[in-house]
Structure formats: C-alpha cells, structure tokens
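What follows is each chain in one-letter form.
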Amino acid sequence: MTAQLIDGNALSRQLRTEVSQRAAALKARGVTPGLAVVLVGDNPASQVYVRNKVKACEDSGLHSVLEKYEASMTEAELLARVEALNDDPAIHGILVQLPLPAHIDAQKVIEAISPAKDVDGFHIASAGALMTGMPGFWPCTPYGCMKMLESIGYDLRGKHAVVIGRSNIVGKPMALMLLGQNATVTICHSATRDLKAQTLQADVIVAAVGKRNVLTADMVKPGAVVIDVGMNRNDEGKLCGDVDFEGVKQVAGWITPVPGGVGPMTITMLLVNTMEAAERAAGAA
Ligand code: GUN
C-alpha cells in the first residue's frame, strides 16, 4: 500500500484564496489587515522566513511592515517597539521572529505583545485560551496540522494520536488541539522509554522533533495518518522532515511530504490569524 499525500501547497492555495476574499471584504469597509514582522539580528534562516511571511501578506492583499534591527538592539528598545505596535491601529498582528539575540529575554518580549495582536499564539494568554477552550490565537504550525487533518475529513473522536515532541510552539499546543477534537493523546519526548511501542498504537502521528528519521516504517501502524513537522537537511543538503518518507509512505494511509507539507501551512495560518485579528478589531471598533 502507498499512502495518500496531504498536499500542503494545494491546501494553502485554497486557504489563501479565502484570506484574500476576506481581506478584500474588510478593505471595502475601510480596514486593511496589517501584520508587523520584527526581526532582530542577521540570522540567515530568520531572514528567509520573514521575507516569505511579508511576501505572503502582500500576495493575499494584507498590509505588512518589516522592521529590521541590529543584533545590538537592547531589550528595552525592542519592548518600546512592541508597545508602539500595540498602539498602532493599522497593525492587527505582531510577530517577533525567534530566536532573539541571547541578551534579550524572548519570553518577556512575547508577553509584551497585546494578546489581541498575538498572531503567533505564543503569549501565555493565548496558551491559556487554547488550554481552556476559550477564543484566542492558536500557534500557526499545529493549527496548520489540524487544517490538514480537516482537509481529508479525518474524524479524531476516539482516535489515538501520538505527538512526538513537547515544544511550546508545536508539540504541546498540538496535543491540546487534538484533545479538543476528542482524540486520546500521548505526548512522547526525549525521555520516552519505548517510542516505537507508543507510535505502533497510533491512528495519527505528529512528528515534531527536528531530527531526521525519528519515525521509520517499522514504527507505524498500517493505515495511520502521519504528519511531519520536521525541517532538516539530509547529507546531500536537501530539505527533509523527521519522518523516513520513502519507508513510511509504504505503510501509512496518509502522509505529509517535506517540502510541500506542513511548511507552507504555517505561513498560511499566520495569514488566517492576522485576518481574524483584523476582523475582530474591526468588529470591536
Ligand atoms: N522562528 C521559527 N518559527 C517561528 C514562528 O513561527 N514564529 C516566530 N515568531 N519565530 C519563529
């Protein structure tokens, strides 16, 4: 058996078309959705990410500003910029690209962002809202994974989902989202004793570790849905995920490729969150 692909590029195109339509509708009411992306320092990967985020906004009819600062920027200066963006009515979403230089307390900066503009979903208010089922912004990567499951009409109720990885950005929020859809959820991590024994039980596996070949074919139950959040490079320098794609696709029922899977969905959900923030602000105005 060969797994069916869940195409993140195709799903992204569809969702971005919806965002464009919502942006046009809001513009007709005199409000242009706006995202501010703040980059401190010259991390090459971060520079690519922020360029892609700004371009995606422009392509979907959202306004975006990119603020770039030297790595020597102080924490106080960055906090002052965040405050100014909180007060800027043209900005509905604020994203401070991580990682930040070591002399800046990233959590302090994240907590300075108004929860109403926290389109990354990293603020503790957003995390608390997700945990308690209240309205708030969901972190973009796990939110994108949920959209991928929705796109294949997958009913999570009563299913066993295994999340590999426990980061605040992916693993933990992913587990809460799956739980919110009534899955039975197991979170595995570096101290898990027998990962294979866990994943073999799973109807859905989300691999979010950041290491190649964390999940191989012998660890997957036939027909399972496999979502690969990893973004790694193989020995030839080619982009690859956490999953041994060639092996696992022979066993799984559904699988997301890398590239062209979760990656494009992350930016798409950032656009969706920014759109939502703008609509909420316009509704409240
Ligand atoms: N660095 C890597 N991924 C992300 C992300 O999704 N948001 C932010 N702010 N920084 C990141």
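Parameters at a glance
- Residues numbered from 1 in each chain as written.
- Predicted model: local features only at pLDDT ≥ 70, side-chain atom pairs only at ≥ 80, totals over all residues.
- Heavy atoms only, no water.
- Phe/Tyr/Trp six-rings, centres within 6.5 Å; stacked < 30°, edge-to-face > 60°.
- Lys NZ or Arg CZ within 6 Å of the ring centre and 35° of its normal.
- UniProt positions renumbered as here; feature names shortened; annotations may be inferred.
- Helix = DSSP H or I, 4+ residues; strand = E, 2+ residues; numbered from the N terminus.
- Contact = heavy atoms within 4.5 Å.
- Expected span 1.5 Å × (residues − 1).
- Buried < 20%, exposed > 50% of the residue type's maximum accessible area, 1.4 Å probe, protein only.
- Pairing = 2+ DSSP bridges.
- Right-handed = clockwise from strand over helix to strand, strands pointing away.

A. Spotlight on the packing of aromatic side chains. All chains considered together, the criterion is met by one aromatic pair. Against the face of Tyr-154 rests Lys-159, its NZ or CZ located 4.9 Å from the ring centre. The cationic tip of Arg-280 hangs over the ring face of Phe-137; the distance from NZ or CZ to the ring centre is 4.4 Å.

B. Representation of the UniProt feature "binding site: NADP(+)" (unreviewed entry) in the chain within the structure. Here the UniProt feature "binding site: NADP(+)" (unreviewed entry) sits at Gly-165, Arg-166 and Ser-167. Here Gly-165 shows up in the loop between strand S5 (160-164) and helix H7 (171-180). Setting aside chain neighbours within four positions, we find Gly-165 in contact with Gly-171, Ile-187, Cys-188, Ala-208 and Val-209. Among the secondary structure elements, Arg-166 is positioned in the loop between S5 and H7.

C. Quick look at the side chain of Thr-186. Along the chain, the position of Thr-186 falls in strand S6 (residues 184-188). If we skip the residues at most four places from it in the chain, Thr-186 touches His-160, Ala-161, Val-162, Val-163 and Gln-198.

D. Geometry of helix H6 (residues 140-151). The first and last C-alpha atoms of H6 sit 16 Å apart over 12 residues, in line with the 16 Å expected at 1.5 Å per residue. The complete set of buried residues in H6 reads Cys-140, Thr-141, Pro-142, Tyr-143, Gly-144, Cys-145, Met-146, Lys-147, Met-148 and Leu-149. A positive phi of about 70 degrees marks Gly-153, the residue just after H6.

E. Fine view of the pairing of strand S2 (residues 34-40). Within S2, seven of the seven residues are buried, which leaves it mostly tucked inside the rest of the structure. What you see with S2 is no split at all: Gly-34, Ala-36, Val-38 and Val-40 on one side and Leu-35, Val-37 and Leu-39 on the other are buried throughout. Looking at chain direction, S2 and strand S3 (residues 63-69) are connected through seven bridges and run parallel. The residue of S3 that forms the bridge with Leu-35 is Ser-64. Read from S2 through helix H2 (residues 44-59) to S3, the crossover connection turns out right-handed. Of the pairings in the sheet, the one linking S2 to strand S4 (residues 93-96) comprises four bridges and is parallel in character.

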